[in-house]
Amino acid sequence: MKPPVLRAMSKDERGVRVSWFELFYDLVVVASVSHGSHLYVEHPSWGMGTWLAASLVMLMTFWLLTMVSHNLYPGDDIGRRFLVIVQMVALVVASLSLGRGEEGLPNSVGFAALAICFASISLVYWRCGRQYPDTSGVARLLAPTSLLAAVIMGVGALLPSNGEVISNPITWAFTIGMLCGIVPLVFIVLNHRTTTEQINAEHLGERMGQLVLIVLGESFVSLIFSLDGLSEIPNPWYFLLDFIVVLAMWTLYFTGVVPAGVPATAARLRLWLAMHVVFIFGAIATAGGLAALTLIPFRDAPTTHGFWTPLPLFYVMLGLLGLSILARRPRVVLASDAVIVALLAALTALALWVIPAEAQWLTLVGAALVIVDAGLSAFASRRQTDV
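Predicted, not measured: the structure shown is a model, and the values here were computed from it.

K.L.:
Residue-level account of the overall build of the chain, with values.
P.N.:
Per the secondary structure count, the chain includes 12 helices and 0 strands. Reading the secondary structure of the chain in the N-to-C direction produces α-α-α-α-α-α-α-α-α-α-α-α. Among the 387 residues that make up the chain, the fraction classed as buried is 52%. Considering only contacts within the chain whose residues lie at least 6 apart along the sequence, 80% involve residues at least 24 apart. Just so you have it, the chain exposes about 17300 Å², and 70% of that area is on carbon and sulfur atoms.

K.L.:
Which residues make up the packing of aromatic side chains, and what values do they have?
P.N.:
Scanning the model with the defined rule gives 9 aromatic pairs in all. A centroid spacing of 5.4 Å and a plane angle of 70° characterise the contact between Phe239 and Phe243, whose relative ring orientation is edge-to-face. Here Phe239 pairs with Phe243, and both are found in helix α8 (residues 236–256), just 4 residues apart, close to one helical turn. Given a relative accessible area of 25%, Phe239 falls into the partly exposed group. By relative accessible area, which is 38% here, Phe243 ends up partly exposed. Pairing Tyr253 with Phe254 gives two aromatic rings, centres 5.0 Å apart and planes at 85°, and the pair type is edge-to-face. Ring pairs connect the aromatic residues Trp250, Tyr253, Phe254 and Phe279, which therefore count as one cluster. Of note, Arg81 hangs over the ring of Phe21, and the distance from its end group to the ring centre comes to 5.6 Å.

K.L.:
Would you mind going over the nonpolar core in detail, with residue names and values included?
P.N.:
Counting residues in hydrophobic clusters, the biggest one holds 104 residues, and the most contacted among them are Phe62, Trp63, Leu64, Tyr125, Trp272 and Ile280. Among the elements that take part in this core, helix α2 (residues 46–72) stands out by supplying 13 residues, more than any other. Excluding residues that lie within four positions of it along the chain, Trp272 makes contacts with Leu204, Gly205, Met208, Gly261, Val262, Pro263, Leu323 and Leu326.

K.L.:
Just give me the short version of the confidence of the model for the chain, but keep the residues and values in it.
P.N.:
Counting all residues, the mean pLDDT for the chain is 86, and 87% of those residues have values of 70 or more. Across the chain, helix α5 (residues 137–156) holds the top mean pLDDT of 96, while helix α1 (residues 20–42) sits lowest at 80. Every residue in residues 1–15 is under pLDDT 50, and counting partners more than four places away or in other chains gives 32 contacts.

K.L.:
How would you explain the packing of α8 against helix α9 (residues 266–294) if you had to name every residue and give the values?
P.N.:
Look at α8 against α9: their axes get within 8 Å of each other, and the N-to-C directions meet at 165°. Classified by the angle between their axes, α8 and α9 sit roughly antiparallel to one another. The way α8 lies across α9 gives a crossing that is left-handed. On α9, the residues that touch Tyr238, Phe239, Leu241, Asp242, Val245, Met249 and Tyr253 of α8 are His276, Phe279, Ala283, Thr286, Ala287, Leu290, Ala291, Leu293 and Thr294. Along the lines of polarity and charge, the residues of the contact of α8 with α9 split into 12 nonpolar, 3 polar and 1 charged.

K.L.:
Provide a residue-level description of the environment of Gly104, including the pertinent values.
P.N.:
With respect to the secondary-structure elements, Gly104 resides in the loop between α3 (78–95) and α4 (107–131). Expressed as a C-alpha distance, the spacing of Gly104 and Ala94, which sit 10 residues apart in the sequence, is 9.9 Å.

K.L.:
I'd like to hear about unusual backbone geometry, residue by residue, with values.
P.N.:
Despite not being glycine, Arg328 has its phi angle at roughly 55°, a positive value. Examined against the element boundaries, Arg328 turns out to sit in the loop between α10 (311–327) and α11 (331–354).

K.L.:
How would you sum up α3? Please name residues and give values.
P.N.:
The end-to-end C-alpha distance of α3, which contains 18 residues, comes to 26 Å, matching closely the 26 Å that a straight helix rising 1.5 Å per residue would cover. Residues Arg80, Leu83, Val84, Gln87, Met88, Ala90, Leu91, Ala94 and Ser95 constitute the buried set of α3.

K.L.:
Let's hear about the environment of Gly217: which residues, and what values?
P.N.:
Looking at the element boundaries, Gly217 is found in helix α7 (residues 201–227). Owing to a relative accessible area of 34%, Gly217 belongs among the partly exposed residues under this scheme. It is 9.9 Å that separates the C-alpha atoms of Gly217 and Val30, two residues lying 187 residues apart in sequence.

K.L.:
I'd like to hear about the pattern of salt bridges, residue by residue, with values.
P.N.:
What the rule picks out here adds up to 4 salt bridges. A salt bridge links Arg81 to Asp76, with the nearest nitrogen and oxygen atoms 3.2 Å apart. Assessed through its relative accessible area of 26%, Arg81 is described here as partly exposed. For Asp76, a relative accessible area of 24% puts it in the partly exposed group. Here the salt bridges share partners, and the residues they tie into one network are Glu22, Asp26 and Arg207.

K.L.:
Lay out the side chain of His70 with the relevant residues and their values.
P.N.:
Inspection of the secondary structure assignment puts His70 in helix α2. For His70, the side chain forms a polar contact with the main-chain oxygen of Thr66, separated by 3.1 Å. In this structure His70 touches Glu22, Gly75, Asp76, Arg80 and His203, once residues within four positions along its chain are discounted.

K.L.:
Any details on helix α6 (residues 169–195)? Residues and values, ideally.
P.N.:
With 27 residues, α6 ought to run about 39 Å at 1.5 Å a step, and its terminal C-alpha atoms sit 38 Å apart, in line with that. Along α6, the sharpest change in direction is near 35° and occurs at Val189. The N-capping residue of α6, defined by a side-chain oxygen 3.2 Å from the backbone nitrogen of Ile170, is Asn168.

Here is what the cut-offs are and how they apply
Each chain carries its own residue numbering, running from 1 in the written order of its sequence. Thresholds applied to this predicted model are a pLDDT of at least 70 for local features of residues and 80 or more for the giving and counting of side-chain atom pairs; totals over whole chains, interfaces and linings are not thresholded and use all residues. Only hydrogens and water are set aside when side-chain values are computed; all heavy atoms of the structure are taken into account. Secondary structure elements follow DSSP: runs of H or I no shorter than four residues count as helices, runs of E no shorter than two count as strands, and numbering proceeds from the N terminus. Burial classes: relative accessible area under 20% of the type maximum marks a residue as buried, over 50% as exposed, and values in between as partly exposed (1.4 Å probe, protein chains only). Contacts are assigned to residue pairs with any non-hydrogen atoms lying within 4.5 Å of each other. Note on areas: Shrake-Rupley with a 1.4 Å probe; residue coverage comes only from the protein chains shown. Each aromatic pair joins two rings of Phe, Tyr and Trp (for Trp, the six-membered one) with centres within 6.5 Å, and gets the label stacked for planes under 30 degrees apart, edge-to-face for over 60, and tilted for any other angle. Should the NZ of a Lys or the CZ of an Arg lie within 6 Å of a ring centre and within 35 degrees of the ring normal, that charge is described as sitting over the ring. Nonpolar cores are built from buried Ala, Val, Leu, Ile, Met, Phe, Trp, Tyr and Cys residues. Side-chain atoms within 4.5 Å join them into one set. Each residue carries a pLDDT value, the predictor's own confidence for that position, ranging from 0 to 100. Where helices are involved, their axes are fitted lines through C-alpha atoms of the stretch in contact, as for all axes, and angles between N-to-C directions lie from 0 to 180°. Orientation labels follow simple angle bins: below 35 degrees gives roughly parallel, above 145 gives roughly antiparallel, 65 to 115 gives roughly perpendicular, and whatever is left gives oblique. A clockwise turn of the near helix away from the far one marks a right-handed crossing, whereas an anticlockwise turn of less than a right angle marks a left-handed crossing. Residue type decides the class: Asp, Glu, Lys and Arg count as charged, Ala, Val, Leu, Ile, Met, Phe, Trp, Tyr, Cys and Pro as nonpolar, and the leftover types, Gly among them, as polar. Between the first and last residue of a helix there are one fewer steps than residues, each counted as 1.5 Å, and that sum is the expected span. Basic side-chain nitrogens of Lys or Arg form a salt bridge, by our definition, when they fall within 4 Å of a carboxyl oxygen of Asp or Glu. Two N or O atoms count as a polar contact when they lie within 3.5 Å, although within protein this holds only if one can serve as hydrogen donor and the other as acceptor, and sequence-adjacent residues are included solely when both atoms are side-chain atoms. One axis fitted to the seven residues ending at a residue, another fitted to the seven starting there: the angle between these axes is the bend at that residue.

Below, the structure written as structure tokens:
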């Protein structure tokens, strides 16, 4: 069975790898994501989970826009670094405010920070268009659309909030602004650049792999911070389980997804990116949920909170199943992943609506399924390598 075909890189692209400054940017993005994970540990609820998902989509939008600027327009001059640093600071401010209610900075501050993020991206692409006039088509598209998104976010900073969700004007401002930023990139730029083979697949694969690596590594931060200052570990079983489950996610991703590389067509590449968002969200929620459970002895276990269900594990395996399909892994591996996803969906339904009193035990069963699947994936990967 052949792995997905990677597009060939041009001579000018060879050797263009991830720079240390790009890695620093990834660390800042993951730190903002980890902030949401810490909040989830402190206030586990469906509302906080929804906020975490929205925050991740927002951060991944800016990550993708910034990554593509380095992918298509290699270079790391002082002007670009300054604009990216401005974006980093604004991203952190935005993560400290949007959706936080009375516990964080005002929403107006968050919208102003998002406006600064999009404005900095617009300037980055404007500069790239001037520096690379022969390939400035992407810059001529993304510079004005990012500027439009900045204007919309700036308007959002001035709008009043009515306390609702769907009917709230700031919700619509946020949604429209983010769509202005991401839709041209995902549905126009990727279409054209994959057709003309101008996406640096090596750079993109390395960036995404490093992002996942940092996310999984940072997942232990939630566990350590949650136990800070305690004289004992309230639930040592979940403490140990957190390590094993993160190792399982690490194994599943780096033995099955990374070796396959980046898809060559626009549609598959979009799905590849979407499945990464699902996987990262599930990984963050899983690590945060297990860290929260470490603080609660079994005898005091609540049965009404979502973090007691296998739902985050379902997201992890759903994302990995999609990535495994794109990687065209062996059928036995795909079948195993599909069965695990179906079982996790059933366990989640049981935990939420049928036997919520046993949700904590269903979560343990779900974690065991993921661990077993990781073992099967590692075994299959080793056999494929030996062959």
